[in-house]
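Structural overview for review
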Amino acid sequence: MKRIVIGIILSLVAGTALFAQNDLQPLAVVKLNKSETITLKQLRTRADAFQKQAGLTSITPEQRKEILEALIDEKLVVQAAQKEGLTITDSQVNARFLKILSQYVGKPVTEAEFADIIKKNTGKGVDEYMISQVGMNVADFKANIKNQMIIEGYVLAKKKNEINALSPSGEEIRAFYEMNKKDFVWTDMLKLYLVTVPNGKDKVAARATATDMYNKYKKDPKMGETFKKSEENGKSYQAVDLLVEKSAQHARQLGMSSKELLAMFNKDIGFVSDLSVSSVDGKEQGFYFYAILKKYSAKQLDLFDSAQPDSNITVYENVREYLTAQMEAQFKAEALQEIIRTLDTPENVDRKKTGNALLEILSSW
C-alpha cells in the first residue's frame, strides 16, 4: 500500500514540475536594450486579461498569437524609449490610475476611497476585484499603464511636429456637421443650484447644517457662491450648479420619477425648493434643496451656436476638436506601426517558436 501511495505522490510532483516547466517555456526574447524573455505564463496572463476585458468565453490560438505579437511590440517600443532616456514617474502613473478609477466610479476618488466602495458593494478586496474585471491585480495594471504611457510618449516625441500640424479643414468640419446635424440639438434644459448635505456619522449635525444653509440662501441667494467656494467651518456638504435635461435618464440620475422632473420644469426661474430628505432604496442619505437659475428651450443648433448653454465654445469648435482627436489617434496608430516595423528585426527579437510549432503550443490550453 505504501508503494502505491508514494507512487501517486511522485506522479503528482512530476506532473506539477512539468506544468511549471511548460509555463516558463520561452516564446520570444526581446533584446533591443536589454534581454527580456516572454514566457508562456506571461502570455497566458495577458490572454486571460484580454479575454476578460473583451467579455469572451474563449479565444483562438490565432488570437493568442496576435496577443504574443502585441507583447513583443510593447517590449520593443518600451525598450527603445528607455534607451533614449524617456521615463515615466510613479506619480504620473498613479495620476492616470486615479483618473481611470474616477471615471469608473463617476466622481473623483482616491485609491483608499475606491477600495472602500469596492468592499462595500462587492465584499472583495481591490486586487481580487481587479482580477475579476480586467484579469490583472493593481500592481500589474499600473505596470501596464506605465508601459502604455511610455509608448504614447515615445510616439509623440518621434512625431511631435507632424501631430501638431494635424487639423481638419473648414470643409471637413462643415461636412461632418451636415451629416450629423440631427445630433446637434438642445433638448429642454434648466440650470439648477443644488445643495446636498450627507448624514455622515451625525444625522442631527447634518440637519443643522442643511437648515442653516437653506435659511441663509432663502434670505440671500448670493450666498450660493459663498457655499460653492468653501466648505464652511469644515462642515461636509456639496454646492454645485447643475445642467438638467428633460429626459428619463436625468430623472434617474437625480433619483426622481419622470413626474417629479416634469414638475420641476414647470417651476419659475428663482424658485427655491423646500429642504428635503434624500434617500436611496428607502434609506435616508441626507438633506438637499435646489433653486432654479435658468431655463433653456429645445432647439436645433447651427454650426456657430454655443455647444452648451452659457458656454463660449461653439459647435464648430467642438466638431474641430473631435475631428482633430480622430486624426491624431489614426496618425499615432499608424506611426506606432511604422516604428515597430523598424524595430522588429532579428537582431532585436528572437522568436523561439514560429509557424505550426507555435500554434501547437498556443492550442494546448
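Fair warning: this is a prediction, and the values are worked out from it, not measured in the lab.

Rules and cut-offs
- Residues numbered from 1 in each chain as written.
- Predicted model: local features only at pLDDT ≥ 70, side-chain atom pairs only at ≥ 80, totals over all residues.
- Heavy atoms only, no water.
- Buried < 20%, exposed > 50% of the residue type's maximum accessible area, 1.4 Å probe, protein only.
- Helix = DSSP H or I, 4+ residues; strand = E, 2+ residues; numbered from the N terminus.
- Pairing = 2+ DSSP bridges.
- Axes fitted to C-alpha atoms, helices over the stretch in contact; angles between N-to-C directions.
- Left-handed = near helix turned anticlockwise from the far one by under 90°.
- Contact = heavy atoms within 4.5 Å.
- Nonpolar A, V, L, I, M, F, W, Y, C, P; charged D, E, K, R; others polar.
- Arc of directions from axis to C-beta.
- pLDDT = per-residue confidence, 0-100.
- Parallel < 35°, antiparallel > 145°, perpendicular 65-115°, else oblique.
- Salt bridge = Lys/Arg side-chain N within 4 Å of Asp/Glu carboxyl O.
- Phe/Tyr/Trp six-rings, centres within 6.5 Å; stacked < 30°, edge-to-face > 60°.
- Lys NZ or Arg CZ within 6 Å of the ring centre and 35° of its normal.

A few words on the pairing of strand S4 (residues 189-198). The buried count for S4 comes to seven of 10 residues, which makes it a mostly enclosed element. Two strands pair when backbone bridges link them, and S4 and strand S5 (residues 238-245) are joined in this way by eight bridges, in the antiparallel orientation. Within S5, the residue paired with Met189 across the bridge is Glu245. Of the pairings in the sheet, the one linking S4 to strand S7 (residues 283-296) comprises 10 bridges and is antiparallel in character. The residue bridging Pro198 from the neighbouring strand is Gly286, located in S7.

On to the packing of helix H4 (residues 90-105) against helix H5 (residues 111-122). Following both chains from N to C, one finds H4 and H5 inclined at 35 degrees, their axes separated by 10 Å at the closest point. Helix-helix and strand crossings are classified by hand; for H4 and H5 the assignment is left-handed. Between H4, through Asn94, Phe97, Leu98, Leu101, Tyr104 and Val105, and H5, the contact on the second element is made entirely by Glu111, Phe114 and Ile117. Of the residues assigned to the contact of H4 with H5, the class counts are seven nonpolar, one polar and one charged.

Within helix H14 (residues 355-362), burial applies to Leu358, Ile361 and Leu362. Along the axis of H14, the buried positions cluster into a sector of 100 degrees, meaning they face one direction only. Looking at H14, the residues exposed on the side facing more than 90 degrees away from the buried face are Asn356 and Glu360. Packed against the buried residues of H14 are strand S1 (26-30), helix H2 (40-54) and helix H3 (61-83).

This part takes up the confidence of the model for the protein. Residues with a pLDDT of 70 or more make up 92% of the protein, whose mean pLDDT is 90. Looking over the protein, one finds the lowest element-wise mean pLDDT in helix H1 (residues 2-23), namely 49, and the highest in helix H8 (residues 170-179), namely 98. Within the model, pLDDT remains below 50 along residues 6-19, and this stretch shows one contact once partners closer than five positions in the same chain are excluded.

At a closest axis distance of 9 Å, the pairing of H4 and helix H7 (residues 138-164) adopts a crossing angle of 110 degrees. One way to sum up the angle between H4 and H7 is to call them roughly perpendicular. Here Asp90, Gln92, Val93, Asn94, Arg96, Phe97 and Ile100 of H4 lie close against H7, whose contacting residues are Val138, Phe141, Lys142, Ile145, Lys146, Met149 and Glu152.

Another aspect to go through is the pattern of salt bridges. Inspection of the entire model under this criterion finds 17 salt bridges. One salt-bridge network, held together by shared partners, links Glu69, Asp344 and Arg351.

Before going further, it helps to examine the pairing of strand S2 (residues 36-39). Strand direction decides the pairing type here: S1 and S2, joined by four bridges, are antiparallel. Of the residues in S2, the one forming a bridge with Pro26 is Thr39. Hairpin geometry of S1 and S2 is characterised by an intervening segment of five residues between the two adjacent antiparallel strands.

Right, let's get into the packing of aromatic side chains. Two numbers describe a pair of aromatic rings. These are the distance of the centres and the angle of the planes. Under the counting rule described, the total for this entry stands at 12 aromatic pairs. Ring geometry for Phe176 versus Tyr322: centroids 5.4 Å apart, planes at 45 degrees, classification tilted. Placement of Phe176 in helix H8 and of Tyr322 in helix H13 (residues 315-343) is noted, with a sequence separation of 146 residues between them. What links up through ring pairs into an aromatic cluster is the set Tyr193, Tyr214, Tyr217 and Phe289. Between the NZ or CZ atom of Lys267 and the centre of the ring of Phe271, over which it lies, the distance is 5.0 Å. The ring of Trp186 carries Lys299 above its face, with NZ or CZ at 4.9 Å from the centroid.

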